[in-house]
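Chain by chain, the residues:
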Amino acid sequence: MPSEKKISSASDCITFMQAGCELKKVRPNSRIYNRFFTLDTDLQALRWEPSKKDLEKAKLDISAIKEIRLGKNTETFRNNGLADQICEDCAFSILHGENYESLDLVANSADVANIWVSGLRYLVSRSKQPLDFMEGNQNTPRFMWLKTVFEAADIDGNGIMLEDTSVELIKQLNPTLKESKIRLKFKEIQKSKEKLTTRVTEEEFCEAFCELCTRPEVYFLLVQISKNKEYLDANDLMLFLEAEQGVTHITEDMCLDIIRRYELSEEGRQKGFLAIDGFTQYLLSSECNIFDPEQSKVAQDMTQPLSHYYINASHNTYLIEDQFRGPADINGYVRALKMGCRSIELDVNDGSDNEPILCNRNNMTTHLSFRSVIEVINKFAFVASEYPLILCLGNHCSLPQQKVMVQQMKKVFGSKLYTEAPLLSESYLPSPEKLKRMIIVKGKKLPSDTDVLEGEVTDEDEEAEMSRRMSVDYNGEQKQILLCRELSDLVSICKSVQYRDFELSMKSQNYWEICSFSETEASRIANEYPEDFVNYNKKFLSRIYPSAMRIDSSNLNPQDFWNCGCQIVAMNFQTPGPMMDLHTGWFLQNGGCGYVLRPSIMRDEVSYFSANTKGIVPGVSPLVLHIKIISGQNFPKPKGACAKGDVIDPYVCIEIHGIPADCSEQRTKTVQQNSDNPIFDETFEFQVNLPELAMIRFVVLDDDYIGDEFIGQYTIPFECLQPGYRHVPLRSFVGDIMEHVTLFVHIAITNRSGGGKPQKRSLSVRMGKKVRECTMLRNIGLKNIDDIFKVAVHPLREAIDMRENMQNAIVSVKELCGLPPIASLKQCLLTLSSRLITSDNTPSVSLVMKDNFPYLEPLGAIPDMQKKMLAAYDLMIQESRFLIEMADTVQEKIVQCQKAGMEFHEELHNLGAKEGLKGRKLNKATESFAWNITVLKGQGDLLKNAKNEAIENMKQIQLACLSCGLSKAPSSGAEVKSKRSLEAIEEKESCEDNGKL
């Protein structure tokens, strides 16, 4: 079957529009009409039918079009009662006339909407130039480059070449293409021209390449950001990187360097432009990866106590198959250590010839010598990470062989063994930074107050212990084993102890003691005592291991226990699947060093956090994640699938993992029979209440009647996402990166949902109410303390109002500019500047710096539409200015209340007892106190961050105004003055910070 012709140029868009298609016309009265729209053959007007109007009136002149907006970004869409049923990516609006009236339309697909938007923008931008692109298509930079490529390969110089040569040439230019697909394209072209020969002309070669190698979604993006050219210059690229990709401090030289590295044509590299093929290569490069490169190296504070980090941990590390019958294999340790694992397990048993061994006790036929294992550990311990490695020692050896273990560890590990006795004067474990390149032994320890050379301790055999507990005649007693003093002395800051209950642990457990919990026990505790589990893990290490019932070595969900602050969640590395994907994805961050700092709300000594929270977290501002799944590239056929041949019907699932309130899943539509470049073009929104604990998992599946089959996945921590247009490198089921297999997405993160629609606004109001509920201070029941917290009520309300007022003002400006909430302020200013011009194309306003803030003043009488936009802009500046000037004062009041409250922390139990509070009431008072401190700290930090954001916004607005030509006079004096104003904002901020210090 001939493949569908793809859009690869402006002329393709125009041809499509001239042929016409059905679009839905949306009216302000909530009515929607189906109309057939066409573009006149002379390219001068847009027409639709049927219509009650005269034929000459049912049209829109191209010359009257002011702007074309993609998405539901006009008052008509925002106020239409049926707007929720309209797909954002299929909607577009044509603004026309002096009053910017809107013609609001909905296409049957996002692809069709993009064709109309790109074509109309092209026509509007070219309205004052002769439209000769139909004839001049062969003179584009891309065609000229392809011509030189063809001529270089045409050795005879006859202007034709063998099909085999042409196929090979296209494969060299685009290695991802299948040979069969290229040959089919040449057959289609030759058949359309009724040719019998298989030799390929230059024109046919160029046509085939353009149709095969042009990704329509990338073409539409290029046209959009290049202001309707078919290439990008350095200024276009700079604007794209700043406004869309979130890149700061970008310069023209940096953009020219990108062009030189990715543009395929010599002419483009010399003249400084990036055509569609070079732009596609750039978007596919590591520079546009979804993963933040800052997180590819250690980026977190590594000086906190060990208990404040999640630690990459392995269970039954010696296995590479299931735990029931799998043989012991040294490669289990190599694999885990290369993956950044920082906690590995060694179950050691007596071997022959006085040599300790590691083996699966369900399969004694294969075993490893203890010495060979620790030699491999020593070799690979610090290859992936230089931070401490914990050896979880499961000792089942006799006393003589225990002594052999000690001798071998001392000889192999030498000075790397950490055996320093913990200091009684300390309250927390040492930091990963202090323990760099150290090997820590976790195990049982003899009492230090006796001089015995050996003694009884409880058995470390977790599986046997669980079996005993589950048996009918279990009486609570644990099996005892003998431990020698030498092995005991190797254990320092990871002494294994038995968990009893939180109350006893908080009173008597030492900071260097660690409890291990079975998955079943940990799940019960997490459900019954979620707040206590979090508080316990602030000081002590917890290790969670999979249930003994998982004989297939399946994995537990690590997120359930990370939510409780459990640091060491042991995973079966040998078993791939969704749970291992989460684990691997989570530890990609912080340079893959195996240590990830927990959120501050789970580390601060006095803070309130419940692992089972179903709503907004106190002191944390929820964010909205906007993900647009645009397209996929080179999806492989699922392994083992044979029913449908090479055809697949892919769709994408987006999973959000985190605290219960954040867990969510959405999916795209299925794209039928397309594995090479399926276009999805669907946008999704997710509210994320605790971003620091959230992960996003992209999963691509093949839609099938029998069972949807796995194609690929990628899991990434929320904090590692890069905004803008990004490619997601998909991994196979076993976790390997698949070459050339990607998802093309757009990522944006905002601090509120909506952006205009009444329905969305009511959602925002409900969300706002939840936020306010989570910032309300709780009554403790102790008058002295309650009186202190009452003082904070007013500054808290001020802080929230200032932040919300600034956000609302910014959203209003975006709405008037016809931009979605995810748009940047730079994009807003570009749109504003295009509207604030007179009939002779000169600015109707100018930038005026008042007290170092960028105001816009009219240069004469301006139309009502421009007045409305200026009023919204002024309000945004005023709200931002008010926040910048008042933030420090309000924050200081909040901080003072927090400090005054903290003075009662140590005496809280005594004060409660004096007032007659005990049991549940005293616990409730303690919980409310922690809640209030968490709210005060969180709101203070949010206000400080809002001030920094507002200052940065003012700088960006001023720079954007200057680059858009809105400065009063283009003289060097005006530029110097503006630069001084920018410096003044920076200097004022640094002075205020120094004053605080």
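This structure is a prediction, so every number in the text was calculated from the model and none was measured. Note on numbering: residues in each chain are counted from 1, in written sequence order. Confidence filtering applies because this is a predicted model: local features only for residues at pLDDT of at least 70, side-chain atom pairs given and counted only at 80 or more, and all residues used for totals across whole chains, interfaces and linings. To get the side-chain values, all heavy atoms of the structure are used, and hydrogens and water are removed first.

### Quick notes on the packing of aromatic side chains
Phase 1 of the analysis: Centres within 6.5 Å are what make two rings of Phe, Tyr or Trp a pair, Trp counting through its six-membered ring; a difference in plane orientation under 30 degrees is then read as stacked, over 60 as edge-to-face, and the rest as tilted. All chains considered together, the criterion is met by 26 aromatic pairs.
Phase 2 of the analysis: We call a charge positioned above a ring when the Lys NZ or Arg CZ atom is no farther than 6 Å from the ring centre and deviates by at most 35 degrees from the ring normal. Geometry around Y651 places R667 over its ring, the cationic atom sitting 3.7 Å from the centre.
Phase 3 of the analysis: Sitting over the face of the ring of W931, R778 holds its NZ or CZ atom 3.6 Å from the ring centroid.

### What about unusual backbone geometry?
Phase 1 of the analysis: Note the cis peptide between E49 and P50, where omega equals -5°.
Phase 2 of the analysis: The backbone phi angle of Q673 is positive, close to 50°, even though this residue is not glycine.
Phase 3 of the analysis: Secondary structure elements follow DSSP: runs of H or I no shorter than four residues count as helices, runs of E no shorter than two count as strands, and numbering proceeds from the N terminus. Mapped onto the fold, Q673 is located in the loop between β27 (664–667) and β28 (679–688).
Phase 4 of the analysis: A positive phi angle is found at H740, which is not glycine, with a value near 70°.
Phase 5 of the analysis: Assignment of secondary structure puts H740 in strand β32 (residues 737–750).
Phase 6 of the analysis: Overall, H740 belongs to the partly exposed group, its relative accessible area being 39%. Any residue under 20% of the maximum accessible area for its type is buried, any over 50% is exposed, and the rest in between are partly exposed; the area is computed with a 1.4 Å probe on protein chains only.

### Some words on the side chain of R726
Phase 1 of the analysis: Structurally, the position occupied by R726 is in strand β31 (residues 724–731).
Phase 2 of the analysis: Only four residue types enter the charge count, namely Lys and Arg as positive and Asp and Glu as negative; His and the chain termini do not. Note on definitions: salt bridges are taken to be side-chain nitrogens of Lys or Arg within 4 Å of carboxyl oxygens of Asp or Glu. No salt bridge is formed by the buried R726, whose closest oppositely charged neighbour, D292, lies at an N-O distance of 8.2 Å.
Phase 3 of the analysis: Side-chain atoms alone can form a polar contact between residues adjacent in sequence; in general such a contact is a pair of N or O atoms within 3.5 Å, and within protein one must be able to donate a hydrogen while the other accepts it. Reaching out from R726, the side chain makes a polar contact with the backbone oxygen of P723 at a distance of 2.8 Å.
Phase 4 of the analysis: Contacts were defined at the residue level, with two residues in contact if any of their heavy atoms lie within 4.5 Å. Residues within four places of R726 in sequence aside, it is in contact with Q245, E287, C288, N289, I290, L743, F744 and V745.

### So, the pattern of salt bridges
Phase 1 of the analysis: Applying the stated rule across the entire model yields 44 salt bridges.
Phase 2 of the analysis: Between D676 and K178 there is a salt bridge, and its shortest N-O distance comes to 3.9 Å. Remark: K178 occurs in the loop between α6 (163–173) and α7 (179–192) and D676 occurs in the loop between β27 and β28; sequence separation between them is 498 residues.
Phase 3 of the analysis: Residue D676 is classed as partly exposed on the basis of its relative accessible area, which comes to 24%.
Phase 4 of the analysis: According to the relative accessible area criterion, K178 is partly exposed, its value standing at 44%.
Phase 5 of the analysis: Between E375 and R371 there is a salt bridge; the shortest N-O distance is 3.1 Å. Note that E375 and R371 are positioned in helix α15 (residues 370–380) at a spacing of 4 residues, about one turn of the helix.

### Structural notes on the confidence of the model for the protein
Phase 1 of the analysis: pLDDT is a per-residue confidence score from the predictor, ranging from 0 to 100. Overall, the prediction assigns the protein a mean pLDDT of 86, with 89% of residues at 70 or greater.
Phase 2 of the analysis: Across residues 969–980 the pLDDT falls below 50, and counting only partners more than four positions away or on other chains, this stretch makes 5 contacts in the model.
Phase 3 of the analysis: Segment residues 993–997: pLDDT under 50, and 2 contacts once partners within four positions in sequence are set aside and those in other chains are kept.

### So, the packing of α6 against helix α8 (residues 202–213)
Phase 1 of the analysis: The geometry of α6 relative to α8 is characterised by a closest axis approach of 11 Å and an angle of 40° between their N-to-C directions. One finds that α6 runs oblique with respect to α8. For the element pair α6 and α8, the recorded crossing hand is right-handed. Residue-level inspection shows S166, L169, I170 and L173 of α6 in contact with α8, the latter providing F205, A208 and F209.
Phase 2 of the analysis: We call Asp, Glu, Lys and Arg charged. Ala, Val, Leu, Ile, Met, Phe, Trp, Tyr, Cys and Pro are nonpolar, and the rest, Gly among them, are polar. When grouped by side-chain class, the residues that make up the contact of α6 with α8 number 6 nonpolar, 1 polar and no charged. Axis definition: a line fit to C-alpha positions, over the contact stretch in the case of helices; interaxial angles, taken between N-to-C directions, run 0 to 180 degrees. Put simply, angles under 35 degrees are roughly parallel, angles over 145 are roughly antiparallel, angles from 65 to 115 are roughly perpendicular, and the rest are oblique. Handedness of each helix crossing follows the sense of rotation of the near helix against the far helix: counterclockwise by less than a right angle gives left-handed, clockwise gives right-handed.

### Quick notes on the nonpolar core
Phase 1 of the analysis: Throughout, nonpolar core names a set of buried Ala, Val, Leu, Ile, Met, Phe, Trp, Tyr and Cys residues whose side chains join them through atoms within 4.5 Å. In this structure, L346, I377 and M409 are the most contacted members of the largest nonpolar core, which totals 78 residues.
Phase 2 of the analysis: Boundaries of every domain are those given by an automatic assignment or by a domain database. Residues lining this core come from more than one domain, with at least three contributed by each of domain 4 (306–468 + 478–602) and domain 5 (623–750).
Phase 3 of the analysis: Once you skip the residues sitting within four places of it in the chain, L346 turns out to touch Y333, L358, F370, V373, I374, I377, L391, C392, L393 and G394.
Phase 4 of the analysis: If you look at the next biggest cluster of nonpolar residues, it comprises 61 residues, including V813, L922, A950 and I951.

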